[in-house]
Amino acid sequence: MAILHGEHKAHGLAGEWEQPDWPALTLPEVDALLRRYPQAGGATRMISVSPRPFSAASVVETVQGPVFVKRHARSVRARAGLLEEHRFVAHLSAKLPDLVQGVLADRDGETAICVDEWTYEVHPVARGLDVYEDALSWTPFRSRGHARTAGRALAELHRAAESYDVPAREFGQLISSFSIFSGNDPETAIASYLEKRPKLLEYAEQRHWRASLNELLMPFYRKLEPWLGHLQPLWTHNDFHASNVTWSGPEPSAEVTGIIDFGLSDRTNAVQDVATAIERNIVEWLRIHETGTQIVHLDHLDALLDGYEELAPLSYEQSRALAAMLPLVHCEFALSETDYFLSILNSPEKAFLAYEGYFLGHAEWFRREQGQKLLHHLEERAGRSKR
């Protein structure tokens, strides 16, 4: 969480700081909101402003201590969609009270508060230290120790989620799902995905999405298809990276003290979530155009998976699925981002970066030397796991 000072900036798609898409929270605004909360009683000052780009959020001092306030545009996250997330968080908090804290409820028992065009949620301040407070998703762990303990925390989350038997989320913006490549007909699945998003459909048609699917993505899918039957549905975090984890300290031996930000959570599967953690933490995508630069941290990859498998060992089939899924795991969120930029922000420039640079560009990278080396490394791990 960025400390409050000067002009508020947000993380940009290419790693630069830029003007935020949403106005920052104000003290009168959060004071009116927090007077509804017995745990707060009103706001006294703004402590910090989050640099995350898809909403407005701040740590706010109240008469009863600090809380974390987050404001969404209702066109992005309406009450019903936010409650889907809150119910999952409540389940995890009951199972893992030391790692996940429940969302605060107001005097009427509501956790998603609608005011005009906004939806608000209020959280306890995360326990521990926000070591990666300014880190983007595509930046690495600071150490192998952090990677390993993060892997263990992800495994704990997955074990706690096994008893959460709830259908997938309804349609919404900025959700990381697993539907296009989960069955035997990706072309029909992606057509259905696009039809629900008219502006994205028009945009993708102009870019001949069927040709991209057949030429770029289907070769990866054919390697994944034999292992799909070994993936059990599971509610997952879907945005597990170092800045969505809090720590006992900055040192390499630090333990995870909290897991936050379940905004992209949905019913996918454990392998998909592990693949997402690899995508978010192991490859430095922001340096992809630096010729000759090593942007893959294989030592962190092994540490992350070693930590995860201490508690939740992957079978041979799951390990093979992980290697095959990695070039595809970003696709649905990249499309969701593209639709968000087109339908909500009306920004063709950002949509271009999300579609060409993220959706297609990241998949294309896996056909190059470093991407192939990463996949080969995972395939070798899978071979060692065969029993």
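Check the entry above for the structure.
Residues numbered from 1 in each chain as written. Predicted model: local features only at pLDDT ≥ 70, side-chain atom pairs only at ≥ 80, totals over all residues. Heavy atoms only, no water.

Draft legend 1. Main features of helix H5 (residues 198-206). All of the buried residues in H5 are Leu-200, Tyr-203 and Ala-204. End-on view of H5: buried residues confined to an arc of 95°, all on one side of the axis. Exposed positions of H5 whose direction lies more than 90 degrees from the buried face are Pro-198 and Gln-206. His-208 sits one or two residues past H5 and shows a positive phi near 55°. (Buried < 20%, exposed > 50% of the residue type's maximum accessible area, 1.4 Å probe, protein only. Helix = DSSP H or I, 4+ residues; strand = E, 2+ residues; numbered from the N terminus. Arc of directions from axis to C-beta.)

Draft legend 2. View of the pairing of strand E8 (residues 118-124). When you tally the buried positions in E8, you get six out of seven residues, the bulk of the element. Here strand E6 (residues 65-73) runs beside E8; their pairing, made up of seven bridges, is antiparallel. Counted as the bridge partner of Ala-73 is Trp-118 from E8. Relative to E8, strand E7 (residues 113-115) runs antiparallel, the two being bridged by three bridges. Its bridge partner lying in E8, Val-115 is registered against Trp-118. (Pairing = 2+ DSSP bridges.)

Draft legend 3. Main features of the pattern of salt bridges. Applying the stated rule across the entire model yields 23 salt bridges. In this structure, Glu-84 and Arg-169 form a salt bridge, with 3.4 Å as the shortest nitrogen-oxygen distance. One end of the pair, Glu-84, is in helix H2 (residues 79-95); the other, Arg-169, is in the loop between helix H3 (144-161) and helix H4 (186-195), with 85 residues separating them in the sequence. Exposure class is identical for Glu-84 and Arg-169. Each is buried. For Asp-165, the salt bridge goes to Arg-267, with nearest N and O atoms at 3.7 Å. In this pair, Asp-165 is assigned in the loop between H3 and H4 and Arg-267 in strand E12 (residues 266-269), connecting sequence segments 102 residues apart. Arg-267 gets classed as partly exposed once you look at its relative accessible area, which sits at 25%. By sharing partners, the salt bridges in this structure join Arg-148, Arg-152, Asp-302, Asp-306, Glu-309, Glu-310 and Arg-381 into a single network. (Salt bridge = Lys/Arg side-chain N within 4 Å of Asp/Glu carboxyl O.)

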